[in-house]
Every structure is written in structure tokens, then in C-alpha cells.
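Architecture at a glance
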Amino acid sequence: MKLDIGYVLRWWARTSSFAKATADRGAPRGVLAVLMGLAFAASAQGARIGDMQETVFVEQVWRFFTMKDAVVRTALLGSVFLGISCGLLGSFIVVRKLSLFGDTLSHAVLPGVAIGYLVAGQKDPVAIFIGATVAGVLGTVMVNLIKKTTHIKEDSSLGMVLAGFYGIGIVLMNRIQKLPTGTQSGVDKFLFGQAAALSSVEVWMIGGVALAAVVLVLVFYRQFLIGSFDIGFAKAMGLPAGLFHYLLMMLLAFTVVVSLQAVGAVLVSAMLVIPAASAYLLTERMHRMLILASVFGIFSGVLGAFFSFLGNSLPTGPLMVLAASSVFTLCFLFSPRHGLVSRWRKRRSREARIRNENTLKAIYQVRESHGFAGEGVKLTDLAERMNEPAADTRRRLADLVATGVCDLKEIEGKSFAFLNPDGWLKACAVVRNHRLWELYLTNQAEYEPDHVHDDAEVIEHVLGEETVRRLERLLDYPSEDPHGKLIPSLADVQRSLTQVSPGEKATGYRMPNQ
Amino acid sequence: MDIWSQLIPEFSFQQVFVEPWTELLDPFIWIFLMGFFVTAACGFIGTFIVWRRMALVGDAISHSVLPGLVIAFLVSQSRDTLPMFLGAVGAGILTTGLIEIIHQKSRIKTDAALGIVFTTLFAFGVVLVSLYGENVDLDTDCVLYGEIEHVTLEPLSSFFGLFEAPGSVMRMGIVSLLVVVLVILFYRPLVVSSFDPGLARSMGMNPAVMHHALMSLLAIVVVSSFEAVGAVLVIAMLIFPGTTASLLSDRLPVILGITLVIALLGAFFGMHFALWLDISTAGAISTVIFGMFLLAWVFAPRRGLLWRAFR
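Reading guide: rules and limits
Going along each chain's sequence as written, the residues are numbered from 1 onward. Labels are handed out in written order, letters beginning with A for the chains and numbers beginning with 1 for the ligands. For a predicted model such as this one, the threshold for reporting local features is a pLDDT of at least 70, and the threshold for listing and counting side-chain atom pairs is 80 or more; totals across whole chains, interfaces and linings nevertheless cover every residue. Secondary structure elements follow DSSP: runs of H or I no shorter than four residues count as helices, runs of E no shorter than two count as strands, and numbering proceeds from the N terminus. Here the contact rule is simple: place C-beta atoms from the backbone, and any two residues whose C-beta atoms are within 7 Å are in contact. Residues with at least 20 other C-beta atoms within 10 Å of their own are called buried, those with 12 or fewer are called exposed, and the rest are partly exposed. The C-beta atoms themselves are positioned from the backbone. Each domain's extent was defined by an automatic or database domain assignment. Each residue gets one of three labels, nonpolar for Ala, Val, Leu, Ile, Met, Phe, Trp, Tyr, Cys and Pro, charged for Asp, Glu, Lys and Arg, and polar for the others, Gly among them. We define a nonpolar core as a collection of buried residues of the types Ala, Val, Leu, Ile, Met, Phe, Trp, Tyr and Cys that are connected via C-beta atoms lying within 7 Å of each other. Each axis is a line fitted through C-alpha atoms, taken for helices only over the stretch in contact, and angles between the N-to-C directions span 0 to 180 degrees. Small angles under 35 degrees read as roughly parallel and large ones over 145 as roughly antiparallel, with 65 to 115 read as roughly perpendicular and the rest as oblique. Crossings are sorted by hand: turned counterclockwise from the far helix by less than a right angle, the near helix makes the crossing left-handed, and turned clockwise it makes it right-handed. Every residue gets a pLDDT, meaning the predictor's confidence in that residue, from 0 to 100. In a helix, the anticipated span is given by 1.5 Å times the number of residues less one. The criterion for strand pairing is that DSSP finds at least two bridges linking the strands in question.

Bringing the overall build of chain A into the picture now. For chain A, the helix and strand inventory stands at 24 helices and 3 strands. Contacts in chain A between residues far apart in sequence, at least 24 positions, make up 66% of those at least 6 positions apart.

Printed below as a string of C-alpha cells:
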């Protein structure tokens, strides 16, 4: 199936770039025409005059960041304001689990945009603002009405308002395009957004909404916060929770409506949800989330506007959304507490610690089986104890050596592991944890002695010092585990580290090199 | 110039309602059939989707199919059904997978995960279309509200020598038939697992298998409807028939029957309105079925607003 390419090209011509809009607004036209011509020629000729394309690229970047063009300034300012209000409102949306409501609202305003255009007879920002707000409110009311008066569930009622209103919007937009003045109407930019087409009035409207959002959130921060997390508590405190809810919804509707020109109806919800969700991954505190979300919003908005400026026919909305999703991906992977990679690394280091502790325990057990005679532990004995090939044990010991608690020495062609005082302390602690827990399970929880080992294998790595002290107290400072083996107590371990006087009874807890 | 008088073109009964069924039958019957097949297939499966509270998952899939389609085209350099289908199904699986991953591996709730994943993929698709649209023969309008009208430009192909129809109409017809047949064949497990997963499990069924089967079927339907109704309006076709019918009846077989009637009426009036107002047929169909929902909401016996008000 073939679509009319001519039509497509004309459509693109209409959804113009920053550069084209600049030309329309009387910026240095000659220079621009040359630049555009060069860019076009370069892209058509490919690598042969690639350096020329590069010049244009640098030129464009320069123009964007020096902000000499009024259009660039307008678009940038608009993106910054947009980022702020989307970040603030989006944070509340995300913590209130209303993300899909934002999506519905952004689609539902479309017929309002069209009717606003029709009433004003032109693309008048104020008329469109009013029309879109009315449509948004109507959509919200309808979602609630459907939910209240039928058995239809919330997700379906959201979907119905989204689809129904959007359908009507598309029909009206189609009709506007067919009007004699329709092709210049610019209403099609409301679908995917074009920051370059922002007028200064629109930027002031976005700015106004951003200001209102900042002021209201600052003034009513507590009320919004309580209303978002504990509606029952808010009511008990005598807060008019409903009022604040509607205030928030009103702000949300305004944000969506003023964002339409820059981001487009289809993707506004993304600018609400994605920066806020990224912030949600980084912090537990609402005020930090609000600030972070605004920063991410600004960053995505500006980056989207920038790339739309570079790539000639690219709509702004999708680029902003992609910038926001890149931020989200980074947060999702590398957030210190909740990031996938951070958590994976944490898990890896925990696993490594448990592995090392098990090695230490095995070394202890081998020494114990020899009556603590001899200082080193033969690698082959350890392998036998761990029930694994000697090569694995060598790797295990190498890991342990890397942590600095153990030395590996070759004596007469055989490998021996020697623990240093730190290592010995740790080994004793793990064994003590294990045996204390076994005893606890047998004595206090009435487990059979042959059922306690597996539990102790797990718990020995997580018992903290404080818990150990309490266990010892509870079990009345025991010296033997259920299997009749010694439990190295704190006193034993500490004494073992000091010089044992000749007359003292040997506990066996003597350092290898003493 | 009065903008309002131009908004609604002159209505000619002859031109709008008679000609499509007489001398212009050849192109218009295909538009009508395509509209009917799309709405019927979506409505039929949508009934179950709505019951399982997955309406917005359908919306998400229909959006995120876009990059799959574009990439499939760029890779295969053809608009053949198979690569398109594979690309779209891949995108669909990616969507549900990513939603699951984000939901399970972080503290983001499902609704936000949904909102993040499908908008991102859709944005990526739109950028691809804007960059390579010339080669893909897709434009953003098609993405936004589909191009049912294009079936009329297709050459007719023969169906085993029995009859002739444009390829996409034939494909959509087969898909809707497949949906209806599968739903009838697996009616019991589908119903039980939709309404009571616990009971389904105790009866020896596997609700997870049912879930994935339904999702795959949904993906097939959404993908085949994409050209006709675009990414956004699919959700109208998915939700409205089922919910409207459920206002009119309590019995599932009756509800499924009513969705077919709604599809028929929606395609019929949608086509004629689109012809009269010179607008997108998909937009017109979704507006018509939205209107039917509003009527049912107000006037439905027992469930309607009026009935409840005067009871």
C-alpha cells in the first residue's frame, strides 16, 4: 500500500523546523537560506562534503546556545517553564498513582483545542487555552460519572474518555484542515508539538502556569503532601482534602493545556510521568522529588528543543520524551539505592562476603578437626572439607587473600593457608554465630538437633554483634553447641589473641603464629 | 467569512447514503468492510480485555507497535505482512516485558511503568517516522488516525478464485474470523480465567497460558488494525463495543453478539459521516461508537441514567 509521498512532504513542510520558523520571523534571512541550502546539499551529497555539513552543525549548535535568535530564546524559555510545571505536577501524579489519568487528560483536551480555534477563528492562545481547559474538566467529570453510575471499572472509563474525546478531536481537526484557512491553522502541531512555533504569549502562559504551580505547591506543600499520601489523616486533621485535590487537578489541567504547543497532546503525559518517576527512584523525600523532577523536566525540555532545532523536520514532543526516558534509564540503572546496577553490585558484594565467610568457617573447622595443632591449613584438607575440587578451593582462597585476612604459602610443594589475627577473629565469629543459632533453635524453638544446620548456614552471615550478645545472654553463655562442639565465646576469642600464660587451660583458641 | 458555515458541508442524501451503495459500491464496500472487520475484531477481544482490567495495556501495545513496524520495514525493505507482523509482535513483547521489569525491579508502580514504556517507544517510533518516513510510506497522520481509505487504492487479489478483495481487507477479515472462532472454541476457559482465576486453576486450567494467549491475540488484532485506525484510536474500538454492550445485557454471549451489531452500525454510520464531512473514517467510526456508548449510558434499560433516575 502506497501513501501519497507528495502529501507527506507537504505535511513535513508544514510541521516546520526551528530554522524555518526563524526565517518566517525575519531573522537574518539570507544567511539562513544559505545555511539551509548547505545543510540540504550536504545531506544530499553525503560524505563528499561532510565537513561542510559539520560547519553547519557547529553553527547551529552555536546559534542555539548563544540564544541570539528570538525564536531560540522563546523555545528555550518555554521548555524551561514546561519542565518546571510538568515536574511538579508529575510528582504528585506519580505518587498518587494517577499516571494514566494524565494520559487521558492530555488526549481529552484535543476537541477543546479545535473548538477554541473555531470560536476565535484563528490560532488564538487564550481561546485555545479556555477551550482545552473546558474539555479537560469535562473529561475528568465524565470519568468520575462513568465510574459512579455504571459497573464499568476505572481503567476502562479512563480509556473511554481518552478515546472518545480524542476521536472527536481528530474529526474536528480534520474539518479545520479542510477549511480554506485551515492549512495554515497550525492545529496539527498540537498533536506532536513544535517548540519553535511557540508564540511569546504562549510562553508567558506556560510561565504563568509554572509560577502558579510553584507558588501553590510552596504555600500548600503540607496540605498537598498529606492529601497525596494519607487522605484519611488529612480528613481527620480537618483539611478540606477534596478542595486541594481539585486544586491539584486544575493545575494539572492547566499544565497539560499549556504544554500542548510544545510537546503535543499525544505525549504530554510522558513529560508528566517520566521526569517524576526518575526522581522517585532517587529520593524518599517529597520535596527533593519535586526539585529533582523539575530539574529533569527542564533538562529533557531543553534537550528536546535542542535536537528539534538541529534535526530540521523533527517534532519536539517525541524528542523531549526520549531525552526524559534516557534520564529515566540512567536512574533506573544507577540510582544509588534503587538502581538495578547498584543493587546488583550490592548483591554481588554480599555474595562475595558470604563466600569468604564460608571459607573462613571451613578453615576453622579444619583446624578444629586437628585439635588446633599446626598453624597452617593444608589446601587439600580444605578442599576435602568443602567437598570441592582443589582448583575451586585455590580460587576461593585467592579471593580470601585479596581481602587481606589470609596468606597462602607453599611449603614443601604443598599449599597452606595461614589466617592473620583479623581473619581468625572473623572465622571464630562466623562459627560462633552458626553454633549459637543451632543451640538457640534446639533449646528455645525446640528443633531437633539434626534439623538446625541449614537454618544456621543462612543466619550466620546476618547476625549482628548486638543480636549475638542477646543470644548469649538468653542461652546463659553456653560453651557447647547441640553437637557437642565448642562455641568460641567473645572472651575465648579475645584471649586467644593475647599471649596465653603457661599455667592457663588451653581453650584451643590460640593464634596460629603464637 | 463565517467559519462555522464552512465547517459542516452541505448534506446530500443521494451523495452520502445512496451512491456508496449503488454506482460507487466498489470502493466504498471495502472501506465499510474494513471498518467493520476492525471494529468487530477489536470489540470481540476487547470485551475480555476490559473484563480483565487490561484496557490500558491494549492502548499501550497499540502505541508501542509503531517502532516495531518502522524497524521491520527498514530492515526488510518491504511492506510484506510477515516482517511487519514480526516487528510489531516483537515491539508488543518488548512493551509488556519492559513494563514487568520496571515494575518488578524498581519501586515504580504499574501505572507509571506503563506510562513510561509506551510513551517512550511511541516517541521513538515517531522520531523514526519523521526521519525515515519517506522510505517507510508512513506518515504521522497515519499513526494518529489511520488511513482506512487507502484500501480503495489496493489492487484486488483473488481468494482461491472464490471472490476478489483488496489484500488488507481480506487479511483483516481472516483475523476477525480467527478471533471469533478462537473465542468460541476456548469460550469456557476464557470466561472462567477472566472472571475467577482461582477457580480456573482448580479446574486444571493454566490462567497464565490463557493470559499470554489472549495477549498474543490482542497483539495480532492491534497490529492488523494499525494501518486502518492508527495507534491511538484502536483503544476506542477495543473498549467501546464491550462496555456499551455490557450496559445492555448481563449475559456474555448476548454481549458478544451486541458488540458485532455495534461494529456493524459503527462502520456503517462512520463511513457515511466520513464521506459527508470529508474526514478520517477511523475518527468518524470512533466518534459514532462513542455516541452509541453515550446513548446506552443514558437510555439503557435498568442500567441507564434515566432508568436509575426514575426508578
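Now, onward.
Below, the discussion takes up the overall build of chain B. The helix and strand inventory of chain B stands at 15 helices and 2 strands. With the C-alpha coordinates of chain B rotated into their principal frame, the extents come out at 60 × 60 × 50 Å. By residue count, 52% of the 311 residues in chain B fall in the buried class. Residue pairs at least 24 apart in sequence account for 67% of intrachain contacts in chain B once pairs closer than 6 positions are excluded.

Interfaces are often described in size by the accessible area the parts lose on coming together. Residues and elements named next belong to chain A. Structurally, chain A comprises domain 1 (69-335) and domain 2 (339-514). Placing a centre on the C-alpha atoms of domain 1 and another on those of domain 2 gives a separation of 59 Å. When its residues are assigned to classes, the side of domain 1 that touches domain 2 shows 4 nonpolar, 1 polar and no charged.

This paragraph deals with the environment of serine 193 of chain B. All names here are of chain B. Structurally, serine 193 is set in helix H9 (residues 187-195). A tally of 26 C-beta atoms within 10 Å means that serine 193 is categorised as buried. Expressed as a C-alpha distance, the spacing of serine 193 and valine 209, which sit 16 residues apart in the sequence, is 9.9 Å. Residues within four places of serine 193 in sequence aside, it is in contact with Ala200, Met205, Pro207 and Met210.

This next bit is on the interface of chain A and chain B. Listed per partner, the contact involves 57 residues of chain A and 63 residues of chain B. Of all the secondary structure elements, the ones that give two or more residues to the side of chain A that touches chain B are helix H1 (5-14), helix H6 (99-108), helix H9 (154-178), helix H10 (189-192), helix H15 (268-282) and helix H17 (316-334) of chain A. For the side of chain A that touches chain B, the leading source of residues is H9 of chain A, giving 16 residues. By residue class, the composition of the side of chain A that touches chain B is 37 nonpolar, 13 polar and 7 charged.

This paragraph deals with the nonpolar core. Residues Val109, Met271 and Ala277 of chain A together with Met34 of chain B are the most contacted members of the largest nonpolar core, which totals 217 residues. The leading source of residues in this core is helix H3 (residues 25-51) of chain B, at 17 residues. Sequence-distant contacts of methionine 34 of chain B, defined by excluding residues within four places in its chain, comprise Ile148, Val151, Ser168, Val169, Met172 and Ala228 of chain B.

Right, let's talk about the packing of helix H5 (residues 70-95) of chain A against H15 of chain A for a bit. All names here are of chain A. One can describe the packing of H5 onto H15 by two numbers: an axis separation of 7 Å at closest approach and a directional angle of 75°. Compared by their axis directions, H5 and H15 come out roughly perpendicular. In this structure, H5 contributes Cys86, Gly87, Leu89, Gly90, Ser91, Ile93 and Val94 to the contact, and H15 contributes Met271, Leu272, Val273, Pro275, Ala276, Ala277, Ala279 and Tyr280. Of the residues belonging to the contact of H5 with H15, the class tally is 12 nonpolar, 3 polar and no charged.

A separate point is the packing of helix H7 (residues 110-120) of chain A against H9 of chain A. Helix-helix packing is characterised by the crossing angle of the two axes and by the distance between the axes. Residue and element names in this part refer to chain A. Running from amino to carboxyl end, H7 crosses H9 at an angle of 30°, the nearest separation of the two axes being 7 Å. The angle between the axes of H7 and H9 places the two elements in the roughly parallel class. At the point where H7 passes H9, the crossing takes the left-handed sense. Contacts between H7 and H9 involve Leu110, Pro111, Ala114, Ile115, Tyr117 and Leu118 on the former and, on the latter, Phe165, Tyr166, Ile168, Gly169, Leu172, Met173 and Ile176.

Once that is clear, we can look at the confidence of the model for chain B. Low-pLDDT portions of the prediction should not be read for the details of their coordinates. Residue and element names in this part refer to chain B. Averaged over every residue, the pLDDT of chain B is 86; the share at 70 or more is 97%. Confidence, read as mean pLDDT per element, is least for helix H1 (residues 3-7) in chain B (72) and greatest for helix H14 (residues 281-299) (94). Interface confidence for the predicted complex, given as ipTM, is 0.90, next to a pTM of 0.79.

If you check helix H8 (residues 125-149) of chain A, its first and last C-alpha atoms are 36 Å apart, about what 25 residues at 1.5 Å a residue would give, namely 36 Å. Where H8 of chain A is buried, its residues meet H6, H7, H9, helix H11 (200-219) and helix H14 (241-263) of chain A.

Turning next to unusual backbone geometry. Despite not being glycine, tyrosine 477 of chain A has its phi angle at roughly 45°, a positive value. Relative to the helices and strands, tyrosine 477 of chain A is located in the loop between helix H23 (465-474) and helix H24 (490-497). Residue tyrosine 477 of chain A is classed as exposed on the basis of its C-beta count, with 11 C-beta atoms lying within 10 Å. Of note, the phi angle at aspartate 278 of chain B is positive, near 60°, even though the residue is not glycine. Within the element layout of this structure, aspartate 278 of chain B appears in the loop between helix H13 (252-277) and H14. On the neighbour-count criterion, aspartate 278 of chain B (11 C-beta atoms within 10 Å) is exposed.

To continue, consider the sheet that holds strand E1 (residues 377-378) of chain A. Residue and element names in this part refer to chain A. With antiparallel pairing, the 3 strands of this open sheet are ordered in space as E1-E3-E2. In the strand order of this sheet, the two ends are held by E1 and strand E2 (406-411), each with one partner. Of the pairings in the sheet, the one linking E1 to strand E3 (residues 414-419) comprises 2 bridges and is antiparallel in character. Looking at the pairing, valine 377 lines up with alanine 417 of E3.

Bridge analysis of strand E1 (residues 156-159) of chain B against strand E2 (residues 163-166) of chain B gives 4 bridges, and the strand direction is antiparallel. Its bridge partner being in E2 of chain B, serine 157 of chain B is matched across the sheet by alanine 165 of chain B.

A separate point is the confidence of the model for chain A. Residue and element names in this part refer to chain A. The predicted model of chain A averages 80 in pLDDT, with 83% of residues at 70 or higher. Predicted confidence for residues 1-52 stays below pLDDT 50, and this span has 61 contacts to residues more than four positions away or in other chains. Between residues 499-514, whose pLDDT stays under 50, and residues either more than four places distant or in other chains, the model counts 22 contacts.

Residues and elements named next belong to chain B. By the secondary structure assignment, alanine 300 is in the loop between H14 and helix H15 (305-309). You can call alanine 300 buried: it has 20 C-beta atoms within 10 Å. On a C-alpha basis, the gap between alanine 300 and threonine 140 in space is 38 Å, while along the polypeptide they are 160 residues apart. Those residues in contact with alanine 300 that lie beyond four places of it in its chain are Leu247, Leu248 and Trp307.

Checked against the element boundaries, glutamate 368 of chain A lands in helix H18 (residues 340-369). Since 14 C-beta atoms lie within 10 Å of it, glutamate 368 of chain A is described here as partly exposed.

With 23 residues, helix H11 (residues 207-229) of chain B ought to run about 33 Å at 1.5 Å a step, and its terminal C-alpha atoms sit 31 Å apart, in line with that. The positive-phi residue at the C-terminal boundary of H11 of chain B is glycine 230 of chain B, with phi of around 80°.

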